[in-house]
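# Structure assessment
Here are the chains, one letter per residue:
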Amino acid sequence: MQQLTSYLSGAWVYGQGQSREIQHAVTGEPLYQVCSDGLPLAASLSYARKLGGTALANMTFQQRAQMMKAVAKHLLANKEALYQISYQTGATRNDSWVDIEGGIATLFSYAGLAGRELPDDTLWPEDELIPLSKQSQFAARHVLTSRPGVALHINAFNFPCWGMLEKLAPTWLAGMPAIIKPATASAQLTQAMVKLIIDSGLVPEGALQLICGGVGDMFDHLDYQDAVTFTGSAQTGQKLRSHPRLLEKSIAFTMEADSLNCCVLGEGVTPEMPEFALFIKEVSREMISKAGQKCTAIRRIIVPVARIAEVQQALLQRLAGVKIGDPQLEQVRMGALVNQEQRDDVQKKVEFLLRNGCEPLCGATLDKLKVVGDGAQSGAFYPITLLYCADPFRHQAVHGTEAFGPVATLMPYQTTAQAIELALLGQGSLAGSLVTADAELASQFIRATACAHGRMLVLDRHAATESTGHGSPLPLLVHGGPGRAGGGEELGGLRAVKHYMQRTAIQGSPSMLAAISREWVRGADVVEEQVHPFRKYFEQLQIGESLLTARRTITEADLVNFACLSGDHFYAHMDKIGAAESLFGERVAHGYFVVSAAAGLFVDPGVGPVIANYGMENLRFIEPVKIGDTIQVRLTCKKKIRKPQKTAEDRPHGVVVWDVQVLNQHQQAVALYSILTLVARQEGDFNTVH
């Protein structure tokens, strides 16, 4: 039988000891043997820190993003091989799409996010200058730096690709290497994806390692710069979280556990409304997607007591049409559980619920299960099971027992206050949904239950046209939840990257902080030259290079002309009597005229390296500009972000962020902001990414 090897310290290796057998989820046939006993697990930590960690930490955020984009493209080009292996885990094509291409999309998303928002540097200034003294010559900034450790990611069986990539993306972007420990039941798919990445040569050696099997004594060798993430059962997660080494070294531990997620049908929704059909569709989809093996799946269906019969009838009718069986068959909409052990566990949990206040509406037993497909009779299939709990306040088991399969429980409520109480009885959930057309009810429900959920969907006829659904974690949104859900936090855009970095408050003079962060800050030294900074190419510009412009006195004609040009005749600019009674005491210039006049002072009009204005950030009007005031501008190169060429034909360029201070005749700031310009580079990339 084939052996599923691990990738450690640069080699594909197999353990020596008792092996575990992986069976085909659909046919029950033996596939692989898995064993990690005797492998150099502790040595792999050192290997990751010294090789992968060093290489990643020396790459800038932009370089890491380009690496991730290249990996994502490579995986996408080879996705069909992954689909074939995913079938072995019992997944349908749609299930596999979420796992494989959803995971790849997460890599693309983080690569793009970093390309737009992170510096072309290894240090990430997190905030603007924080003055700590009266004259602002003693100040501080928070900066983020890569930790010289390794991230150990222990993943669940249900999403062997997405579960790895959604953690790898922020880990690599933070400059940290990773060791992946997939769940053994579906490790063959994770291993196939890791092999594609390793064989591509796109990532530094040591940046990615794989353990197929157990982690042995690996926890005993972790250090304070390392990080551990866990996705799986709450029981296993609690055991790992309390490991003495993690406590002794204060090692970062992020846990995402299964939870009793709910979907609530709001009061006032009737069967004639679009929201009723949306509710039925959402619940049924969540029950059969991945055969219910989703940490975000709907487990508790909370419905007004007056609608119980109608919801029950609609759900049973919809679920009855779902074909279960071999996922390769076109008519099949739900595949198998990952293995027989998982099926037995689901059956055990269902039987427990039936003894504790629930009754079956469909499924709940293997006796009448009909499976489509000649070779699927020995697979790990389980019937779609809808239970009913008539008294969910009395029978608490329904809020604490999760059958991790195509199982959900219908339960009634009398009032919205009761619906809120039932939602909170889950003791912490990854995801919750409310289906309603009533905005006031939505506000009441979300304000009361958000504290117990990591993510919440309010679904109505308008959102439904583009909604990704109850159970879809998105790269830009937080994934995780309080209490039973593990108390961890993943994804959430760039928030996730910070979990793997060290935040440090740096104190000093503005000039010293500018030197450390390689970003100019107000109060730091400037460099003034005869050549206008707009005449310089990207490479020629220095951080802190500055221009102090000529002056311009603001006249009444300026206000009148700008009002006529823009159509802005606001009384504070045009009505002498009204302005006299305002907080300004007299007429003042339009704020956007001040910005326009400032541009007229600092822009060099000739053709040159500056390609275009890219945008404006953090505009604040500090003091009013009155008729007769004189303004002057200081323009300073704040930071530079080198942009890679997408094709050889693209003009090489970078983004330059300029600090703009508009001053009056008293050298008081009247407007502060930043502008972004695209500036040409003199040389293109030697290795253009296609």
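Residues numbered from 1 in each chain as written. Predicted model: local features only at pLDDT ≥ 70, side-chain atom pairs only at ≥ 80, totals over all residues. Heavy atoms only, no water.

As a further point, take the overall build of the protein. Scanning the protein from terminus to terminus reveals 19 helices and 29 strands. Along the longest, intermediate and shortest principal axes, the C-alpha atoms of the protein span 90 × 60 × 50 Å. Looking at the protein as a whole, 54% of its 690 residues are labelled buried. Within the protein, one finds 62 positive and 68 negative side-chain charges whose respective centroids are separated by 2 Å. (Helix = DSSP H or I, 4+ residues; strand = E, 2+ residues; numbered from the N terminus. Buried < 20%, exposed > 50% of the residue type's maximum accessible area, 1.4 Å probe, protein only. Lys, Arg positive; Asp, Glu negative; His and termini not counted. Charge placed at Lys NZ, Arg CZ, Asp CG, Glu CD.)

With respect to burial, strand β13 (residues 252-257) is a largely interior element, five of its six residues being buried. Bridging between strand β12 (residues 227-232) and β13 involves six bridges; their strand directions are parallel. The residue bridging alanine 227 from the neighbouring strand is alanine 252, located in β13. (Pairing = 2+ DSSP bridges.)

Let's shift gears to the pattern of salt bridges. A complete count under the given rule lists 26 salt bridges for this structure. Note that lysine 79 and glutamate 101 form a salt bridge whose closest N and O atoms lie 3.3 Å from each other. In this pair, lysine 79 is assigned in helix α3 (residues 79-87) and glutamate 101 in helix α4 (residues 93-117), connecting sequence segments 22 residues apart. For glutamate 101, a relative accessible area of 17% corresponds to the buried category. Among the ionic pairs, glutamate 519 bridges to lysine 639, the shortest N-O distance being 3.7 Å. Here the residue glutamate 519 occupies a position in the loop between α15 (510-517) and β24 (527-528), and lysine 639 occupies one in strand β27 (residues 630-643), the gap between them amounting to 120 residues. Since its relative accessible area comes to 6%, glutamate 519 is described here as buried. Judged by relative accessible area, which is 23%, lysine 639 ranks as partly exposed. Through salt bridges with shared partners, one network takes in Glu126, Lys498 and Arg503. (Salt bridge = Lys/Arg side-chain N within 4 Å of Asp/Glu carboxyl O.)

Spatially, β24-β25-β27-β28-β29-β26 is the arrangement adopted by the six strands of the open sheet, whose pairing is mixed. This sheet does not close on itself; its edge strands, each paired only once, are β24 and β26 (610-621). Strand direction decides the pairing type here: β26 and strand β29 (residues 669-680), joined by eight bridges, are antiparallel. Residue pairing for β29: alanine 612 is matched across the bridge by leucine 678.

Let us now look at the nonpolar core. Ranked by size, the top nonpolar core spans 64 residues in total, and within it Phe279, Ile301 and Val311 carry the most contacts. If you tally residues by element for this core, the top one is helix α9 (residues 274-288), at seven residues. (Core = buried A, V, L, I, M, F, W, Y, C linked by side-chain atoms within 4.5 Å.)

On to the confidence of the model for the protein, then. In the predicted model, the protein carries a mean pLDDT of 92, and 99% of its residues have values of at least 70. By mean pLDDT, helix α7 (residues 234-241) is the weakest element of the protein at 87, and strand β11 (residues 208-210) is the strongest at 97. Here residues 686-690 is a poorly scored stretch, pLDDT under 50, and it has eleven contacts once near neighbours within four places are set aside; other chains count. (pLDDT = per-residue confidence, 0-100. Contact = heavy atoms within 4.5 Å.)

Here the focus is the environment of glycine 493. Positionally, glycine 493 belongs in the loop between β22 (488-491) and α14 (495-498). Using a relative accessible area of 5% as the deciding quantity, one classes glycine 493 as buried. In this structure the C-alpha to C-alpha distance between glycine 493 and threonine 106, which are 387 residues apart in sequence, comes to 10.0 Å. Excluding residues that lie within four positions of it along the chain, glycine 493 makes contacts with Tyr110, Leu113, Pro475, Leu476 and Leu477.

Inspection of every chain in the model, using the stated rule, returns nine aromatic pairs. Measuring from centroid to centroid gives 5.6 Å for phenylalanine 562 and phenylalanine 593, while their planes differ by 65°, and the two rings are edge-to-face. Highlighted residues: phenylalanine 562 in helix α16 (residues 556-566) and phenylalanine 593 in helix α19 (residues 591-602), separated in sequence by 31 residues. Both residues of the pair, phenylalanine 562 and phenylalanine 593, belong to the buried class. With a centroid separation of 4.7 Å and an interplanar angle of 50°, the aromatic rings of phenylalanine 570 and tyrosine 571 are classed as tilted. Among the residues examined, phenylalanine 570 registers a relative accessible area of 43% and is labelled partly exposed. An aromatic cluster of three or more residues is present, and its members are Phe534, Phe602 and Trp658. The ring of phenylalanine 61 has arginine 64 sitting right over it, with the charged end atom 4.8 Å from the ring centre. Lying over the aromatic face of phenylalanine 538, lysine 640 brings its terminal NZ or CZ to 4.8 Å of the ring centre. (Phe/Tyr/Trp six-rings, centres within 6.5 Å; stacked < 30°, edge-to-face > 60°. Lys NZ or Arg CZ within 6 Å of the ring centre and 35° of its normal.)

Secondary-structure assignment places proline 383 in the loop between β16 (358-362) and β17 (385-389). Relative accessible area serves as the criterion here: at 7%, proline 383 is assigned to the buried category. Proline 383 has contacts with Ile324, Gly363, Ala364, Thr365, Leu366, Leu369 and Pro406, leaving out every residue within four places of it along the chain.

As a further point, take the packing of helix α12 (residues 416-424) against helix α13 (residues 439-449). Relative orientation of the contacting elements α12 and α13 amounts to 30°, with a least axis distance of 10 Å. Between α12 and α13 lies a crossing of right-handed hand. Taken together, the residues of α13 that come into contact with α12 (itself represented by Thr416, Ala419, Ile420, Ala423 and Leu424) are Leu441, Gln444, Phe445, Ala448 and Thr449. In terms of residue class, the contact of α12 with α13 is made up of seven nonpolar, three polar and no charged. (Axes fitted to C-alpha atoms, helices over the stretch in contact; angles between N-to-C directions. Left-handed = near helix turned anticlockwise from the far one by under 90°. Nonpolar A, V, L, I, M, F, W, Y, C, P; charged D, E, K, R; others polar.)

Ordered by their spatial adjacency, seven strands build an open sheet running β16-β17-β18-β15-β14-β19-β20, and the pairing between neighbours is mixed. Since the sheet does not close on itself, it has two edges, and those belong to β16 and β20 (453-459), each with one partner. Pairs of neighbouring strands in the sheet enclose a mean axial angle of 25°, with direction left out of account. Here four bridges tie β16 to β17, and the two strands are oriented antiparallel to one another. Residue pairing in the sheet places cysteine 358 in a bridge with cysteine 389 of β17.

Given a rise of 1.5 Å per residue, 17 residues ought to cover 24 Å, and the 25 Å separating the end C-alpha atoms of helix α2 (residues 61-77) matches this to within 8%. Turning to α2, its buried residues number three or more, namely Phe61, Gln62, Arg64, Ala65, Met67, Met68, Ala70, Val71, Ala72 and Leu75. (Expected span 1.5 Å × (residues − 1).)

Let us now look at the packing of α2 against α4. Interhelical geometry of α2 versus α4 gives an angle of 155° and a closest axis separation of 8 Å. Classified by the angle their axes make, α2 and α4 are roughly antiparallel. Here α2 runs over α4; the crossing is left-handed. Residues Gln62, Ala65, Met68, Lys69, Val71, Ala72, Lys73, Leu75 and Leu76 of α2 form the contact with α4, whose participating residues are Glu101, Ile104, Leu107, Phe108, Tyr110, Ala111, Ala114 and Gly115. Grouping the constituent residues of the contact of α2 with α4 by class yields twelve nonpolar, two polar and three charged. (Parallel < 35°, antiparallel > 145°, perpendicular 65-115°, else oblique.)

Let's shift gears to the side chain of asparagine 155. Note on placement: asparagine 155 falls in the loop between β9 (151-154) and α5 (162-173). What makes asparagine 155 buried here is its relative accessible area of 8%. Non-local contacts of asparagine 155, meaning those with residues more than four positions away in its chain, are made with Gly163, Met164, Lys167, Ile180, Lys181, Pro182, Ala183 and Thr231.

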